[in-house]
Amino acid sequence: MKEDHHEFLDIVFFTPSEFEKAGGAWPIRIGRNIGKSNYRIGPRTTPYHYLLFVMEGEGTFIQNGQEYPLRPRDAFCLFPHITHEYWTDPEHPLQKIFIAFDGTYATELLSRIGLTPESPYRSSVLTPETASSMRAFMEDVRKPQDHASDLGRLARFLGLFERIARSPAIQNLQPDSTIPWLQKGKEYMELHFAGGITVEGVSAHAGVDRTHFAKQFRKAYGVSPVQYIQQLKTDQARRLLVQTALSLTEVAHSVGYPDLFSFSKAFKKQVGLPPNRYRIAEQNKA
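With that settled, consider the pattern of salt bridges. In total, this model carries eleven salt bridges according to the counting rule given. Put simply, Glu108 and Lys186 hold a salt bridge, and the shortest N to O gap is 3.3 Å. On the criterion of sequence distance, the pair formed by Glu108 in helix 2 (residues 106-111) and Lys186 in helix 6 (residues 180-192) is long-range, its members being 78 residues apart. Residue Lys186 is classed as buried on the basis of its relative accessible area of 4%. When the shortest N-O distance is used, the salt bridge between Glu200 and Arg210 registers 2.9 Å. One end of the pair, Glu200, is in helix 7 (residues 199-206); the other, Arg210, is in helix 8 (residues 210-221), with ten residues separating them in the sequence. We classify Arg210 as partly exposed; its relative accessible area is 34%. Here the salt bridges do not stand alone but share partners, grouping Glu108, Arg112, Lys186 and Glu190 into one network.

Laid out in structure tokens, this is it:
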């Protein structure tokens, strides 16, 4: 483990393949640390999702203005672009194991183990089997002679979440994605996001009241139905801009926008670049 002024840190970085990034979620890094008595992180934000488990020690975690105690076996999550901070009890330094990941469905993946931007903390989640699985994951990808494949990483990564979901502390907290009508509405959005659908139309298709659908969808997936439709449009627009020679107006129409202006405005808000500059930047990477 490498030492710095406030911790001992062991971390393994991944370089996700195009195949991994085409999926719903993929790992970026995995690691563990031993905090010193002055260990403190933040206030700051992260561009990724971080799932952290307390192995030993005690501390405090703050996110979205809410404060949570950290104890052995607790889990907490850092959500992208949300200010957080956490620190150790000097008398009982924190030791953690963690994994960072990204992807369109990263938030949904976390919701399956009971973690959302509104509820980023769960107590008594870590099991010895999960901790052992994470350590084995680290060691497997650390060995260059084994040439860990993208399929292997994804299998390890998703298997880790499946293992966590079996924890007794999680089984009673499964998200409402198991509600048939909620899944039905989500699948409808994924099929018809470019067809000018509305939340009213989606909820009607699912057979429930619009307000109830929107509330339960956000609870299960961490985003509103409107935000989810926007994500789907943006993701498809990214693919079309990079993989096709369609004009910007043709891309706009392909993902459900009536004109180039509204598409450009929405795309820049989501991505940080207007679509023409995004296309050029991606082409320059090739």
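Attention now moves to the sheet that holds strand 7 (residues 66-70). If you walk across this open sheet you meet the four strands as 4-9-6-7, and the pairing is antiparallel. Since the sheet does not close on itself, it has two edges, and those belong to strand 4 (40-44) and strand 7, each with one partner. The mean inter-strand angle of the sheet, taken between neighbouring strand axes irrespective of direction, is 15°.

Bridge count between strand 6 (residues 59-63) and strand 7: five bridges; the pairing is antiparallel. Paired with Phe61 across the strands is Tyr68, a residue of strand 7. Between strand 6 and strand 7, which pair antiparallel and follow one another directly, the connecting turn spans two residues, one of which, Asn64, has a positive phi of 55°.

Cis geometry is found at the peptide bond from Gly42 to Pro43, where omega equals 5°. By the secondary structure assignment, Pro43 is in strand 4. The phi torsion at Asn64 lies on the positive side, around 55°, for a residue other than glycine. Structurally, Asn64 can be placed in the loop between strand 6 and strand 7. Here Ser124, not a glycine, exhibits a phi torsion of approximately 55°, which is positive. Take Ser124: it is sitting in the loop between strand 11 (121-122) and helix 3 (128-142).

The rules behind each value
- Residues numbered from 1 in each chain as written.
- Predicted model: local features only at pLDDT ≥ 70, side-chain atom pairs only at ≥ 80, totals over all residues.
- Heavy atoms only, no water.
- Salt bridge = Lys/Arg side-chain N within 4 Å of Asp/Glu carboxyl O.
- Helix = DSSP H or I, 4+ residues; strand = E, 2+ residues; numbered from the N terminus.
- Buried < 20%, exposed > 50% of the residue type's maximum accessible area, 1.4 Å probe, protein only.
- Pairing = 2+ DSSP bridges.
- Axes fitted to C-alpha atoms, helices over the stretch in contact; angles between N-to-C directions.

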